Amino acid sequence: MHQTSSRLLRMTDDDRPFTRDFKDLFATLIVSLLPLSAHRVRLSKVEYTFLSEDAINNLGSLKFSQSNRMPDPKDPSRIVTTTTTTTFSMAKDMARSICQRFVEARFIESADGKYQQVYNMKGSVWQLTPKGITVLDRFCSRNGIQQKQVGELSNMSSAQLVILERDQQTDKLLHDWGTIEVIFRRFVGADRRNVKTSVTAADSDSLHDYRDGLTGVKMAAERKVNGKAYRDTFTGKATTDWLMDCSTIVDRRETVEIASLFVEYDLMEPVVQDRAFMSQNTGYNLFQPTKHAIYQLTTRGKELISGSGSRGRASESENGTGSQRNGITRDSNTQRLEKILNDAALRLLFRENLRETHCEENLSFYKDVGEFVRSCKDAIRQAQKAPNASSMDTIKEIMAQAYGIYNALLAPGSPCELNIDHQLRNNLATRMTKAVVKTTQ
């Protein structure tokens, strides 16, 4: 059995591609280009690279297929293979525009080691950044794509990105205080501050400053401003570069949004504002993303990093909802888990812990199913209000979404297979096979 669907990049109200669609498109493109090959750059060859025109041509008609083997509900001894093919298609000008966005999202970079901001139609040689490799690796793991080169790339250079959550309807970043606190701790440095001995080193445009995702923002040990010396300062550009390289943000405007919250929440403050930039761009009073804007940590920011200034979180027990033992209120494991799942900042930390213990698929399943249920309810309501071809197409897309979750997390032998009861897994396989049979009839 075979199912085919076409996908379009969903766009937000301010003309940003939905982050998940954008990352899926990028990973699908790279999968179509694999294996990446060696290309000559000046006097040497650079491995795992591709040409500008290769990506543009592939984006013109991009296909991604997933296959899964399930037992036939009428005859369990018979195996039914279902294949779902998703296609993207676009004109060359649009393809070039999408590749330009890949450059700006820090998924790819020029293979010559120089900071190239413009994606040319042909001739240039490109390679994946550690961020791009991480996005590709997560996509392949989820979709069961076993390609030797992906493993080689991941072993050589991948980043531990801050995986930020988004509103499923609008794609806007979730940025409550707790989430900003977690991001800021990583921003300053997971282990220690990234202090450079000279201002020149701190303000350089090196492509290799944040390749592991754990190194903090570049700071100058000492910087003199108007005759006064300031310690551990950093530029607005270094701030946005770090947020772009070390998190799942794909649009630079969002880096300004997060950095502005750092200032608003009194975690960092300006030493020098870029007033020329402010006069030419409205809405940048709190933060300017330029080399000329200089910032330092506030007292509150330093206290937060040292652990003495964390706001802390009221536990369930403080609200009197825990169990009592010897007069002491205690949380149950279920209550603790519910608290984590209902708090965006705690989910962020929980996801990093699950990733380290190789069971991140459990949280992915929880989030994906929640999104699926919401989308399904919305699609059914829309179909009941206006039962037309468009609403039915939406229903089919929801079915494809269900099939994707099943393929990735629940099917026997799936790439991120959850540890569930054997009989439950067989029942799910039977139900999914019946559903696929009905949709293809």
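The structure displayed is predicted, hence computed values, not measured ones.

Caption draft 1: Broad picture of the sheet that holds strand β2 (residues 37-41). Pairing within the open sheet is antiparallel, and its four strands lie in the order β2-β3-β7-β6. Edge strands, defined here as strands with exactly one partner in the open sheet, are β2 and β6 (108-110). The mean angle between the axes of side-by-side strands here comes to 60 degrees, regardless of whether they run parallel or antiparallel. Where β2 lies against strand β3 (residues 44-51), four bridges are found, and the strand directions are antiparallel. Across the sheet, residue Ser 37 finds its bridge partner in β3, namely Thr 49.

Caption draft 2: Representation of the environment of Ala 202 within the structure. You can see Ala 202 is positioned in helix α7 (residues 199-202). Taking the C-alpha atoms as reference points, Ala 202 and Asp 232, 30 residues apart in sequence, are found 9.8 Å from one another. Other than its neighbours up to four places away in sequence, Ala 202 contacts Lys 196, Lys 218, Met 219 and Ala 220.

Caption draft 3: Examining the sheet that holds strand β8 (residues 194-196) more closely. With mixed pairing, the five strands of this open sheet are ordered in space as β8-β9-β10-β12-β11. Edge strands, defined here as strands with exactly one partner in the open sheet, are β8 and β11 (268-272). Mean inter-strand twist for the sheet, computed between neighbouring axes without regard to direction, equals 50 degrees. Judged from the two bridges that link them, strand β10 (residues 228-235) and strand β12 (residues 294-297) form a sheet pairing that is antiparallel. Bridge assignment links Phe 234 to a residue of β12, and that residue is Tyr 295. Most of the contacts of helix α6 (residues 177-188) go to β12, to which it runs at about 105 degrees, and overall it touches β8, β9 (218-225), β10, β11 and β12.

Caption draft 4: Layout of the environment of Asp 205. Along the chain, the position of Asp 205 falls in the loop between α7 and β9. In this structure Asp 205 comes out as partly exposed when scored by relative accessible area, which is 37%. Between the C-alpha atom of Asp 205 and that of Ala 238, which follows or precedes it by 33 residues, the distance is 8.7 Å. With sequence-adjacent residues up to four places away left out, Asp 205 is seen in contact with Lys 237 and Lys 291. Separated by 3.0 Å, the side chains of Asp 205 and Lys 237 make a polar contact. Side-chain polar atoms of Asp 205 contact the side chain of Lys 291, separated by 3.5 Å.

Caption draft 5: Focus on helix α9 (residues 252-264). Taking 1.5 Å of rise per residue, 13 residues should cover 18 Å, and α9 covers 19 Å from first to last C-alpha, within 8% of that figure. What α9 keeps buried is the set Glu 254, Thr 255, Val 256, Ile 258, Ala 259, Ser 260, Leu 261, Phe 262 and Val 263. Where α9 is buried, its residues contact α6, α8 (236-246), β11 and β12. Where α9 ends, the next residue or the one after it, Asp 266, has phi of about 60 degrees, a positive value.

Caption draft 6: Expanded view of the pattern of salt bridges. Enumeration according to the criterion identifies 27 salt bridges in this entry. Measuring nitrogen to oxygen at the nearest pair gives 3.4 Å for the salt bridge that ties Arg 211 to Glu 109. Placement of Arg 211 in the loop between α7 and β9 and of Glu 109 in strand β6 is noted, with a sequence separation of 102 residues between them. Here Glu 109 falls in the buried class, since its relative accessible area comes to 3%. Note that Arg 138 and Glu 360 form a salt bridge whose closest N and O atoms lie 2.7 Å from each other.

Caption draft 7: Main features of the packing of helix α12 (residues 333-341) against helix α13 (residues 344-356). Here α12 crosses α13 at 105 degrees, and the two axes come no closer than 6 Å. As judged from the angle between their axes, α12 and α13 are roughly perpendicular. Here Leu 337, Lys 339, Ile 340 and Leu 341 of α12 come into contact with α13, specifically with Leu 346, Arg 347 and Phe 350. Within the contact of α12 with α13, the residues separate by chemical class into five nonpolar, no polar and two charged.

Caption draft 8: The nonpolar core, seen in detail. Counting residues in each nonpolar core, the largest one holds 36 residues, and the members touching the most others are Phe 50, Leu 59, Phe 102 and Tyr 119. Elements represented by at least two residues in this core include exactly α1 (19-33), β3, α2 (52-59), α3 (92-104), β7 (125-128), α4 (130-143) and α5 (148-156). Here this core gets seven residues from one element, more than from any other, and that element is α1. If we skip the residues at most four places from it in the chain, Leu 59 touches Leu 25, Leu 29, Phe 88, Ser 89, Met 90, Ala 95, Ile 98 and Cys 99. Ranked by size, the runner-up nonpolar core spans 35 residues in total, among them Ile 183, Ala 238, Ala 259 and Leu 348.

Caption draft 9: A look at the confidence of the model for the protein. Chain-level statistics for the protein give a pLDDT mean of 83 and a share of 85% at 70 or above. Of the regions scoring below 50 in pLDDT, residues 311-323 engages in 28 contacts with residues more than four places distant in sequence or in other chains. Long-range and interchain partners of residues 325-329, a stretch whose pLDDT sits below 50, account for six contacts in this model, where long-range means more than four residues apart.

Caption draft 10: View of the environment of Thr 134. The topology assignment puts Thr 134 in helix α4. For Thr 134, a relative accessible area of 9% corresponds to the buried category. Residues Thr 134 and Gln 160 lie 26 residues apart in sequence; the distance between their C-alpha atoms is 7.8 Å. Those residues in contact with Thr 134 that lie beyond four places of it in its chain are Ser 158, Ala 159 and Leu 161.

The rules behind each value
Starting from 1, residues in each chain are numbered consecutively following that chain's sequence as written. Two thresholds apply to this predicted model, a pLDDT of at least 70 for residue-level local features and 80 or more for giving and counting side-chain atom pairs, whereas whole-chain, interface and lining totals are computed over all residues. Side-chain numbers come from the whole structure's heavy atoms, not from hydrogens or water. At least two DSSP bridges between two strands are required for those strands to pair. Each helix is a run of H or I in the DSSP string that is no shorter than four residues. Each strand is a run of E no shorter than two, and both are numbered from the N terminus. Lines fitted to C-alpha atoms define the axes, with helix axes restricted to the stretch in contact, and inter-axis angles between N-to-C directions lie between 0 and 180 degrees. Residue contacts are counted whenever heavy atoms from the two residues lie within 4.5 Å of one another. Exposure classes here rest on a 1.4 Å probe applied to the protein chains alone. A residue is buried below 20% of its type maximum, exposed above 50%, and partly exposed in between. Any pair of nitrogen or oxygen atoms within 3.5 Å is treated as a polar contact; in protein, a donor-acceptor pairing is required on top of that, and neighbouring residues in sequence qualify only through side-chain atoms on both sides. Expected helix span is taken as 1.5 Å per residue step, with the number of steps being one fewer than the number of residues. Counted as salt bridges are all cases of a side-chain nitrogen of Lys or Arg within 4 Å of a carboxyl oxygen of Asp or Glu. When an angle is under 35 degrees it counts as roughly parallel; over 145 it counts as roughly antiparallel; between 65 and 115 it counts as roughly perpendicular; any other value is oblique. Residues are grouped as follows: Ala, Val, Leu, Ile, Met, Phe, Trp, Tyr, Cys and Pro are nonpolar; Asp, Glu, Lys and Arg are charged; every other residue, Gly included, is polar. Residues grouped as a nonpolar core are buried Ala, Val, Leu, Ile, Met, Phe, Trp, Tyr and Cys residues, joined through side-chain atoms within 4.5 Å. The predictor attaches a confidence to each residue, called pLDDT, with possible values from 0 through 100.

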